[in-house]
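Structural overview
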Amino acid sequence: MSLWHDMSWVPALRHPALTPLFEGFTLAGYPLFYLALLPLVHWLWKPRESHRLVAFLIVSALLNSLLKDTFDDPRPDAAFALDGRVGDSYGFPSGHAQLAVVTWGYLAVMAQAAWARLGAAVMILGIALSRLYLGVHDLEDVVGGLGLGGVSLALMMRWQDVLAARWQALGPLRQAAVMLLPLIVASFAWPEPDGPGGVLALGAYLFGWWLGARLLPQQTPWDSAAPRRRGAFAALAVLALGGLFYGLGKTGGLLVSLGLGESAAFLLQTGLMGLYVTALGGGISRLNGGAEPSKG
């Protein structure tokens, strides 16, 4: 077996003190973590750039899912796995590694500070190594994910302003079509017979995020408030995040009880989550007295 696929060396590296560390890193690559991170970036830091980050992250996740289902590359033998959340998904390229580069790399660019670059490097390396340590990806998967993430980030930084300008020129109806039509096509043309599955939910989240930003554009970051009010805004963000996760646990069952199928309920649920984040941010920024709308 080649080095790219050989996992026999991994168990020898495991230690009781290291396992919780790498489990923590790997949790930072799962959807629940992003559902907490993205609202906080939008509410408390950079609302305009957060629109770009969300779109970039979701497009990258869609690409990763498409490549996984195209290559059908199996994961390492289940005997090596310490992470049972991967299910029956394929291995190449590693979504954790790819999205770590995309997310933390872009956040470091947004911060434009040495500490942010160092923190991004730690998170990217930690998340990538965690997939090897936990035995759910081989070296080929992780290197492929890092490489694809790096190329994606470079292209995003090169073209983001051009793409943003073209996006704004489309108008709301064409923007909605650009988001929804690829998802409709994917439903019928996906390489796996059971379709794109959770990929559609990512599109629904992006659509809800966009809709909330159009209905109530966020005008200023919450941290632009007077220093004495920043603590109150931070506390409000924590409460709002708690509300988001509370709703996440309640709305799915409620929508099914109203007669929607589970798939339709899940799509509507994720769309409402995106709507919640940006509409709430817009409402708070108006209370803060902002003047310059920020739609991304």
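So, here is what we can say about the structure in this document. Note that the structure is predicted; figures quoted are calculated from it, not measured.

Moving on, we come to the overall build of the protein. Assigned secondary structure in the protein consists of 10 helices and 0 strands. The linear arrangement of helices and strands in the protein, starting from the amino end, is α-α-α-α-α-α-α-α-α-α. Its C-alpha radius of gyration of 20 Å places the protein within 12% of the 19 Å reference for a compact globule of 296 residues. C-alpha extents for the protein along the principal axes are approximately 60 × 45 × 40 Å. For the protein, buried positions account for 45% of its 296 residues. For the protein, contacts bridging at least 24 residues in sequence account for 82% of all contacts bridging at least 6. Counting only carbon and sulfur atoms, one obtains 70% of the accessible surface of the protein, whose full area is about 14800 Å².

Right, let's get into the environment of Asp83. The topology assignment puts Asp83 in the loop between helix H3 (47-71) and helix H4 (95-111). For Asp83 and Leu146, which are 63 residues apart along the polypeptide, the C-alpha to C-alpha distance reads 20 Å. Excluding its chain neighbours within four sequence positions, the residues that come into contact with Asp83 are Thr26, Tyr30, Arg131, Leu134 and Val136. Within polar-contact distance, the side chain of Asp83 engages the side chain of Tyr30 at 2.6 Å. Of the polar contacts made by the side chain of Asp83, one reaches the side chain of Arg131; its length is 2.8 Å.

What follows concerns unusual backbone geometry. In most cases, non-glycine residues show a negative phi, while peptide bonds are predominantly trans. Cis peptide bonds are those with omega within 30 degrees of zero, and the linkage from Phe92 to Pro93 qualifies with -5°. Although it is not a glycine, Asp72 sits at a positive phi angle of roughly 50°. Considering the arrangement of structural elements, one finds Asp72 in the loop between H3 and H4. Among the residues examined, Asp72 registers a relative accessible area of 34% and is labelled partly exposed. The backbone phi angle of Gln112 is positive, close to 55°, even though this residue is not glycine.

With that settled, the discussion passes to the environment of Leu202. Tracing the backbone shows Leu202 in helix H8 (residues 199-215). For the pair Leu202 and Arg158, spaced 44 residues apart in sequence, the C-alpha to C-alpha distance is 24 Å. Each residue touching Leu202, except ones within four places of it in the same chain, is listed here: Ile58, Ala61 and Leu62.

Side chains that are nonpolar tend, in soluble globular proteins, to be buried together. Counting 47 residues, the largest nonpolar core has Leu38, Val54, Trp104, Tyr106, Leu107, Ile127 and Tyr205 as the members making the most contacts within it. If sequence neighbours within four positions are ignored, Trp104 has contacts with Phe33, Leu37, Ala120, Met123, Ile124 and Ile127.

Before going further, it helps to spend a moment on a nonpolar patch on the surface. Residues Val151, Leu155, Trp159, Val162 and Leu163 make up a contiguous nonpolar surface patch of roughly 450 Å² in combined accessible area. Topologically, Leu163 is positioned in helix H6 (residues 139-170).

Before going further, it helps to spend a moment on the pattern of salt bridges. Scanning all chains against the criterion turns up 4 salt bridges. Here Asp83 ties to Arg85 by a salt bridge, and the two come within 3.1 Å at their closest N and O atoms. Asp83 is paired through a salt bridge with Arg131; the nearest N and O atoms lie 2.8 Å apart. You can see Asp83 sitting in the loop between H3 and H4 and its partner Arg131 sitting in helix H5 (residues 114-133), a full 48 residues away along the chain. Among the residues examined, Asp83 registers a relative accessible area of 3% and is labelled buried. On the basis of relative accessibility, which here comes to 1%, the residue Arg131 falls in the buried class. Salt bridges sharing common partners tie together Asp83, Arg85 and Arg131.

Between its first and last C-alpha, helix H2 (residues 31-44) extends 20 Å over 14 residues, near the 20 Å set by a 1.5 Å rise per residue. Those residues of H2 lying buried are Tyr34, Leu35, Ala36, Leu37, Leu38, Pro39, Val41, His42 and Trp43.

Contact geometry for H6 and helix H7 (residues 172-189): axes closest at 6 Å, N-to-C directions at 120°. The orientation of H6 with respect to H7, classified from their angle, is oblique. Contacts between H6 and H7 pair Trp167, Gln168 and Leu170 from the former with Pro172, Arg174, Gln175, Val178 and Met179 from the latter. Of the residues in the contact of H6 with H7, the class split is 5 nonpolar, 2 polar and 1 charged.

A few words now on helix H1 (residues 19-27). Along H1, the positions that sit buried rather than exposed are Thr19, Phe22, Phe25 and Thr26. Buried positions in H1, seen along its axis, are confined to an arc of 125° and lie on one side of it. Its buried side turned inward, H1 meets H4 and H5.

Basis of the calculations
Residues numbered from 1 in each chain as written. Predicted model: local features only at pLDDT ≥ 70, side-chain atom pairs only at ≥ 80, totals over all residues. Heavy atoms only, no water. Helix = DSSP H or I, 4+ residues; strand = E, 2+ residues; numbered from the N terminus. Rg over C-alpha atoms; globule rule 2.2 N^0.38 Å. Buried < 20%, exposed > 50% of the residue type's maximum accessible area, 1.4 Å probe, protein only. Contact = heavy atoms within 4.5 Å. Areas by Shrake-Rupley, 256 points an atom, 1.4 Å probe, with all protein chains shown as cover. Polar contact = N/O pair within 3.5 Å; in protein donor to acceptor, adjacent residues only side chain to side chain. Core = buried A, V, L, I, M, F, W, Y, C linked by side-chain atoms within 4.5 Å. Patch = residues over 30% accessible without salt bridge, like charges linked within 9 Å, V, L, I, M, F, W, Y side chains within 5 Å. Salt bridge = Lys/Arg side-chain N within 4 Å of Asp/Glu carboxyl O. Expected span 1.5 Å × (residues − 1). Axes fitted to C-alpha atoms, helices over the stretch in contact; angles between N-to-C directions. Parallel < 35°, antiparallel > 145°, perpendicular 65-115°, else oblique. Nonpolar A, V, L, I, M, F, W, Y, C, P; charged D, E, K, R; others polar. Arc of directions from axis to C-beta.

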